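Okay, here's what each chain looks like letter by letter:
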Amino acid sequence: VTAYSPLGSPDSAQMLRRDASTPGLLNHPAVASVAERVGKSPAQVLIRFALQRGTSVIPKSVHPSRIDANWDVLSWELSPEDMGALSALEPQMRMISGAFWLSP
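Owing to the predicted nature of the structure, the values given are computational and were not obtained by experimental measurement.

Things to note about the overall build of the chain
For step 1, the next point in the chain: A count of helices and strands for the chain gives 5 helices and 2 strands.
For step 2, the next point in the chain: Secondary structure of the chain in N-to-C order comes out as β-α-α-β-α-α-α.
For step 3, the next point in the chain: The proportion of buried residues among the 104 residues of the chain is 33%.
For step 4, the next point in the chain: When the accessible area of the chain is evaluated, it comes to approximately 6,900 Å², of which 57% is carbon and sulfur surface.

Points about the environment of Leu46
For step 1, the next point in the chain: Inspection of the secondary structure puts Leu46 in helix α2 (residues 42–52).
For step 2, the next point in the chain: For Leu46, a relative accessible area of 5% puts it in the buried group.
For step 3, the next point in the chain: The spatial distance from the C-alpha of Leu46 to the C-alpha of Asn70 is 10.0 Å, given a sequence separation of 24 residues.

A closer look at the side chain of Asp82
For step 1, the next point in the chain: Mapped onto the fold, Asp82 is located in helix α4 (residues 80–87).
For step 2, the next point in the chain: Asp82 has contacts with Val34, Arg37 and Val38, leaving out every residue within four places of it along the chain.

A few points about α2
For step 1, the next point in the chain: Among the 11 residues of α2, 8 are classified as buried, and the element is accordingly described as predominantly covered.
For step 2, the next point in the chain: Three or more residues of α2 are buried, namely Ala43, Gln44, Val45, Leu46, Ile47, Arg48, Phe49 and Ala50.
For step 3, the next point in the chain: Residues of α2 that are buried in the fold lie against α1 (29–38), β2 (56–57), α3 (64–71) and α4.
For step 4, the next point in the chain: Gly54 sits one or two residues past α2 and shows a positive phi near 90°.

Considerations on the pattern of salt bridges
For step 1, the next point in the chain: Following the criterion strictly, the structure yields 2 salt bridges and no others.
For step 2, the next point in the chain: Here Arg37 and Asp82 are joined by a salt bridge, their closest N and O atoms 2.6 Å apart. Residue Arg37 is located in helix α1, and its partner Asp82 is located in helix α4; the two are separated by 45 residues in the primary sequence.
For step 3, the next point in the chain: A residue is classified by how much of its surface remains accessible, and Asp82, at 5% relative accessible area, is buried.
For step 4, the next point in the chain: Taking the shortest distance from any N to any O, the salt bridge between Lys40 and Asp72 comes out at 3.2 Å. One end of the pair, Lys40, is in the loop between α1 and α2; the other, Asp72, is in the loop between α3 and α4, with 32 residues separating them in the sequence.
For step 5, the next point in the chain: Given a relative accessible area of 32%, Asp72 falls into the partly exposed group.

Quick notes on the rules
- Residues numbered from 1 in each chain as written.
- Predicted model: local features only at pLDDT ≥ 70, side-chain atom pairs only at ≥ 80, totals over all residues.
- Heavy atoms only, no water.
- Helix = DSSP H or I, 4+ residues; strand = E, 2+ residues; numbered from the N terminus.
- Buried < 20%, exposed > 50% of the residue type's maximum accessible area, 1.4 Å probe, protein only.
- Areas by Shrake-Rupley, 256 points an atom, 1.4 Å probe, with all protein chains shown as cover.
- Contact = heavy atoms within 4.5 Å.
- Salt bridge = Lys/Arg side-chain N within 4 Å of Asp/Glu carboxyl O.

Encoded structure:
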């Protein structure tokens, strides 16, 4: 399984016709809490979360500093408690639905 948009694709909500009320993962309070606790960015926490679940991850960025930060997820781990908190995020949904490509 590959996480094509592990950060929730915040810049493409309108293009993908995602409901504007869908909460952003990067700003979710539980993600922010874990990020503060481990001293990492919310993006790093979400990437690390996916990796620890055994998912391959393809984050996208054009900013060199963010690309560097995306690589800095291999030398640390999230605790079982943090993994549990992130696993319980609501709503449980795909941020990029295949329906976008089926109904132009």
